[in-house]
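Letter by letter, the chains look like this.
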Amino acid sequence: MSTRERDRLKVVSMLSKSGTQMTQAEAASLLGCSSRHIRRLLARYRKEGDSALVHRARGRTSNRRLPDELRERTVAIISEHYEDFGPTFAAEKLAEHHGINISRETLRKWMVEAGLWRPRARKAHHRQFRERKAFFGEMVQIDTSEHDWFEGRGEPAVLITLIDDATSRVHMGFYPTDSTETNMSIMRDYIARYGRPMSFYGDKASHFRVNRHSTIEEQLEAREPATQIGRALEELDITYITAHSPQAKGRVERSFNTAQDRLVKELRLHNICTIEAANDFLEEHYMEYCNTRLAVAPLREEDAHRSAEGFDLDAIFSHQETRV
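Computed from a predicted model, the values in this text were never measured in an experiment.

Draft legend 1. Structural detail: the overall build of the protein. The helix and strand tally for the protein stands at twelve helices and five strands. Over its C-alpha trace the protein gives a radius of gyration of 30 Å, far above what one expects of a compact globule, namely 20 Å for 324 residues. Overall size of the protein, expressed as C-alpha extent along the three principal axes, is 110 × 50 × 35 Å. Considering the protein as a whole, with its 324 residues, one finds that 40% of them fall into the buried category.

In structure tokens, the structure reads:
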């Protein structure tokens, strides 16, 4: 018997005794059911004894149980094509490519029993949660992930991602290296598409922030030293905010966890092994998936992006230096 059934047995047995002061209404209140159901349980108890209070479906196969043939077929497909996929991602691919529509929790159970998935313990959160910004375009996080994106099939590549803090909308691209030129390129593409955000939020890498003392010329002109990206953002009236730890820009860091799982497997399924083909896949499929399935609605409907009209983005996002 379960705990609930034992509690029910105690109340019903007390009610069945002669001379009891308990009424059927009181018993119904204790068990959280109707007086009619109490009378039904009492009649069954007097006829069958303690076993009458055990649930009638105990030991019987559920009417909603999926066929064993479907389970065997599903496990075979996962073993052949999606062995290292998680249950959620595998359920999506089964529905998309094989016409098998089952819940991710059912699939998780099947995968655990087949030894294809090991449940993971949830990690304790030890940092204070920061509320999202209210407006789309109020702050955009930027970061680069160095990873074996093509699993040894092609050229090395890094993934640079910009993610809006208010909505989690992403703009991303593959590049050969993480440099001033590649970061300026993706920033230019983002601004050309959405407009000028209020601020970018990133790390203290040398192409974002000058890690040296001011020169004599800079001190005489009373200006702070700036990188090429810092100069470009200043011309566009965009603030650059530096994060003091990877956890501070957790939204873009967590997007890399998703990409290093899902995106890597998508590239494998489509046999993509070049940066050009990978960027085409990002543009046509993956970014649309992220921005429709993973993005959220902002707290405020107004768009904080400002127009980029009147700015020569190609000139601003170019390497500039003073020559004598």
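Draft legend 2. Just the packing of helix α1 (residues 3–16) against helix α3 (residues 35–48), in detail. Where α1 meets α3, the closest approach of the two axes is 10 Å, and the angle between their N-to-C directions is 80 degrees. The angle between α1 and α3 places the two elements in the roughly perpendicular class. Facing α1, whose interface residues are Arg 8, Leu 9, Val 12, Ser 13, Leu 15 and Ser 16, α3 presents His 37, Ile 38, Leu 41, Leu 42, Tyr 45 and Arg 46. In terms of residue class, the contact of α1 with α3 is built from seven nonpolar, three polar and two charged.

Draft legend 3. View of the pattern of salt bridges. Scanning the model with the defined rule gives 21 salt bridges in all. Of the charged contacts, one joins Arg 268 and Glu 151 as a salt bridge, the two residues approaching to 3.0 Å between their closest N and O atoms. Highlighted residues: Arg 268 in helix α10 (residues 250–269) and Glu 151 in the loop between β1 (140–146) and β2 (158–164), separated in sequence by 117 residues. The structure contains a network of salt bridges with shared partners spanning Asp 84, Glu 151, Arg 153 and Arg 268.

Draft legend 4. Structural view of the environment of Gly 49. Within the secondary structure, Gly 49 sits in the loop between α3 and α4 (68–81). With 73 residues separating them in the primary sequence, Gly 49 and Arg 122 have C-alpha atoms 44 Å apart.

Calculation rules
- Residues numbered from 1 in each chain as written.
- Predicted model: local features only at pLDDT ≥ 70, side-chain atom pairs only at ≥ 80, totals over all residues.
- Heavy atoms only, no water.
- Helix = DSSP H or I, 4+ residues; strand = E, 2+ residues; numbered from the N terminus.
- Rg over C-alpha atoms; globule rule 2.2 N^0.38 Å.
- Buried < 20%, exposed > 50% of the residue type's maximum accessible area, 1.4 Å probe, protein only.
- Axes fitted to C-alpha atoms, helices over the stretch in contact; angles between N-to-C directions.
- Parallel < 35°, antiparallel > 145°, perpendicular 65-115°, else oblique.
- Contact = heavy atoms within 4.5 Å.
- Nonpolar A, V, L, I, M, F, W, Y, C, P; charged D, E, K, R; others polar.
- Salt bridge = Lys/Arg side-chain N within 4 Å of Asp/Glu carboxyl O.

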